[in-house]
Amino acid sequence: MLFITIWPIFALICLGHVLARRNFPSAEFWPAAERLNYHVLFPALLVSSLANAPVRDPQILRLGGATVLTILIAVAVLYALRAVHHMPPARFGPLVQGIVRFNTYLALSILATLEGIAGLERAAVYLAVAVPLVNVLAIVALSDAGTAHRPFVLIATVFRNPLVLACVIGACLALSEVGLPYGSDRFLKLMGEGSLPLGLLCVGAALRPASLRQDIKGLLGAGLARLLIMPVLAGIVARVFGLSGVEAMVLVVFSAVPAAPTAYVLTQQLKGDGPFMAGIVTFQTLLAVATIPAVLLLFSAL
């Protein structure tokens, strides 16, 4: 039953890959579609979802704390491993991103399918906490020590991210209880409705099967850590924080989805190992077809 519920999500990813391989509608379409979604449609979805979220609910506050702890535990383990097995930033950055960054389009599509509006509202709260945090961690991991000691540069880079700005705006609207008046809620909702299907198509278009010829051991390690260990860790943290229902589902789903394709863009910008990052994203996305249903079934049984 679960597979029947979520298979259309993966079908959209496959469709996007097939269309891109056939250069339909054109090779230039996919980068433009990704920019439109990333800078306009997806921020609209975040603002509209977060503006009415119950941000003062104690369960929501616990979700924020659980989000931070889950991500920081994973990063702490990675830095401990780096101390034993030295890795340059170009290699370490993709590994960190491959384990703590998440495919937002896929996670939101799953939560919208399984939990509806409540899932999207809680997911927007998760994103408001996680997006700035994982971006900072990714930039630091990809950079030499000197960059990490320039906090103003780091803050400016993070707050130029349209998703971060959308989360800040949505959170301010929710806390002020102003909401979205004069039909603006409907306007943003209409834009947001196009975001998830277009985002999933773009995820498929971004897959790079040729990159799977990279370090197989590294790809397998990052894949298992991201798709199996992270959701287990999230489940444990959820229990520690007393999360249940939709909030626990949000934490587990965001921890179970593959790394975001945008991680490749950041890796290229900061001169990291781009082929390794592309391989991580592609391998995890393909593997997630099997691991996500298994994780959700296990979570539902607990």
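Quick notes on the rules
- Each chain has its residues counted from 1, following the order in which its sequence is written.
- Given that the model is predicted, a residue must reach a pLDDT of at least 70 before its local features are reported, and side-chain atom pairs must reach 80 or more before they are shown or counted; all residues, however, enter totals for whole chains, interfaces and linings.
- Excluded from the side-chain calculations are hydrogens and water; all other atoms, namely the structure's heavy atoms, are used.
- Strands are runs of DSSP state E lasting at least 2 residues, helices are runs of H or I lasting at least 4, and numbering of each runs from the N terminus.
- Two residues qualify as a contact provided that any one of their heavy atoms is within 4.5 Å of a heavy atom in the partner residue.
- Put simply, a nonpolar core is a bunch of buried Ala, Val, Leu, Ile, Met, Phe, Trp, Tyr and Cys residues held in one set by side-chain atoms that sit within 4.5 Å of each other.
- Burial classification: accessible surface area is computed with a 1.4 Å probe over protein chains only, and a residue below 20% of its type maximum counts as buried, one above 50% as exposed, and the rest as partly exposed.
- Residues enter a patch when their relative accessible area is above 30% and they make no salt bridge; the linking distance is 9 Å between like charges and 5 Å between nonpolar side chains (Val, Leu, Ile, Met, Phe, Trp, Tyr).
- Areas reported as accessible are Shrake-Rupley estimates using a 1.4 Å probe. Residue values count occlusion only from the protein chains shown.
- Definition used for salt bridges: Asp or Glu carboxyl oxygen within 4 Å of a side-chain nitrogen of Lys or Arg.

Asker: Looking at this structure, I do not really get the environment of G223. What am I missing?
Answerer: Along the chain, the position of G223 falls in helix 10 (residues 216-240). Between the alpha carbons of G223 and F283 there is a distance of 7.1 Å; along the sequence they are 60 residues apart. Leaving out residues up to four positions away in the same chain, G223 has contacts with L228, F283 and Q284.

Asker: Honestly, the nonpolar core in this entry has me stumped. Any pointers?
Answerer: Soluble globular proteins: nonpolar side chains tend toward being buried together. Ranked by size, the top nonpolar core spans 94 residues in total, and within it L127 and F254 carry the most contacts. A total of 21 residues in this core trace back to one element, the largest contributor, which is helix 5 (residues 104-142). In this view, F254 contacts F102, T104, A107, L108, L111, A123, Y126, L127 and R226; residues no more than four positions away in its chain are not counted.

Asker: Any chance you could explain unusual backbone geometry here in plain terms?
Answerer: Comment: phi is negative for the bulk of residues other than glycine, and the bulk of peptide bonds are trans. The amide bond that connects F24 to the next residue, P25, takes the cis arrangement and shows omega of 0°. Note that P25 resides in the loop between helix 1 (2-21) and helix 2 (29-50). With phi around 55°, N23 is a residue other than glycine that occupies positive phi space. Note on placement: N23 falls in the loop between helix 1 and helix 2. Residue N23 is classed as partly exposed on the basis of its relative accessible area, which comes to 48%. Despite not being glycine, E177 has its phi angle at roughly 60°, a positive value. The residue E177 is located in the loop between helix 8 (162-176) and helix 9 (184-205) in this model.

Asker: When you look at a nonpolar patch on the surface in this model, what are you seeing that I'm missing?
Answerer: Residues F3, I4, W7 and V289 make up a contiguous nonpolar surface patch of roughly 420 Å² in combined accessible area. Among the elements that make up the nonpolar patch, the one with the highest residue count is helix 1 (three residues). Examined against the element boundaries, V289 turns out to sit in helix 13 (residues 274-301).

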